[in-house]
Amino acid sequence: RFRGEAEAGREPHAEGFEAAQPVAHVALGQAHQRVDGQLARTVVGDLAAALDRHDARAQVGGRLGLAIGALIFGLGATLSALAPSMPVLLVGRVIQGGGSGLAVAVCYSLIRTVFREAVWTRIFGLVATVWGMAGLVGPAIGGGLTELVTWRFAFAAMAVPAAILAATAIAV
């Protein structure tokens, strides 16, 4: 059976891979959320504290930090979209997690700089709500794109807003 598929130009085991894609997609989404969550709770918290302590924001600038985070995220999304194998896809997802973690750190660290103290708690709550909604709605959108187009398109579609965010952060 597999020899006939290979001779007919079809990739052997393609049916098994297609059947496993939804399970792999859910597992990768959960792993990505856990990596992002762990990154946000540990490394990103320390980074934000360091930025605040040493006032590196004044040297590097919040816009540049946000642009770098968006570019790293976009690079990871692009790598994931073009991945020829599962290990490369996983590396792309880890890069995405690093970029989104940096963007979260910059957003949180700039709240005290941009807004007056009276609204800090509300802004922190608003930013947390945005990240929470992204975690809730994002997988549904990604799953829809995967069903309607392909899983590669779902990753490529994330690179476009990341590039727009990076360009906007630099230009404004």
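Residues numbered from 1 in each chain as written. Predicted model: local features only at pLDDT ≥ 70, side-chain atom pairs only at ≥ 80, totals over all residues. Heavy atoms only, no water.

Visitor: Describe the overall build of the protein chain, with residues and values.
Guide: Assigned secondary structure in the protein chain consists of eight helices and zero strands. Ordering the α and β elements of the protein chain from the N terminus gives α-α-α-α-α-α-α-α. Counting across all 172 residues of the protein chain, residues that qualify as buried make up 27%. Relative to all contacts within the protein chain whose residues are 6 or more apart in sequence, the contacts with residues 24 or more apart total 67%. A total accessible area of about 10800 Å² is found for the protein chain, and carbon and sulfur atoms account for 70% of it. (Helix = DSSP H or I, 4+ residues; strand = E, 2+ residues; numbered from the N terminus. Buried < 20%, exposed > 50% of the residue type's maximum accessible area, 1.4 Å probe, protein only. Contact = heavy atoms within 4.5 Å. Areas by Shrake-Rupley, 256 points an atom, 1.4 Å probe, with all protein chains shown as cover.)

Visitor: Residues and numbers for the packing of helix α6 (residues 86-114) against helix α7 (residues 120-148), please.
Guide: Angle between the axes and distance between the axes: these two values describe a pair of packed helices. At a closest axis distance of 9 Å, the pairing of α6 and α7 adopts a crossing angle of 165°. Compared by their axis directions, α6 and α7 come out roughly antiparallel. As α6 runs across α7, the sense of the crossing is right-handed. On the side of α6, the interface is formed by Val-104, Tyr-108, Ile-111 and Arg-112, while α7 contributes Trp-120, Ile-123, Phe-124, Val-127, Ala-128 and Trp-131. Of the residues contributing to the contact of α6 with α7, the split by class is nine nonpolar, no polar and one charged. (Axes fitted to C-alpha atoms, helices over the stretch in contact; angles between N-to-C directions. Parallel < 35°, antiparallel > 145°, perpendicular 65-115°, else oblique. Left-handed = near helix turned anticlockwise from the far one by under 90°. Nonpolar A, V, L, I, M, F, W, Y, C, P; charged D, E, K, R; others polar.)

Visitor: Tell me about the packing of aromatic side chains, residues and numbers included.
Guide: The tally for this structure, following the rule as stated, stands at two aromatic pairs. Relative to Phe-124, the ring of Tyr-108 has its centre 5.7 Å away and its plane inclined at 15°; by these criteria the two rings are stacked. Residue Tyr-108 is found in helix α6, and its partner Phe-124 is found in helix α7; the two are separated by 16 residues along the sequence. Accessibility expressed as a relative area gives 30% for Phe-124, which makes it partly exposed. Ring plane angle 85° and centroid distance 6.1 Å describe the contact between Trp-151 and Phe-155, whose orientation is recorded as edge-to-face. (Phe/Tyr/Trp six-rings, centres within 6.5 Å; stacked < 30°, edge-to-face > 60°.)

Visitor: If you had to explain the confidence of the model for the protein chain to someone new, which residues and values would you point to?
Guide: For the protein chain, per-residue confidence averages 76 on the pLDDT scale, and 65% of positions sit at 70 or higher. Confidence scores differ between elements of the protein chain, with helix α1 (residues 2-7) showing the lowest mean pLDDT of 47 and helix α5 (residues 62-82) the highest of 93. Below pLDDT 50 for its whole length, residues 1-5 participates in eight contacts with residues either more than four positions away or in separate chains. (pLDDT = per-residue confidence, 0-100.)

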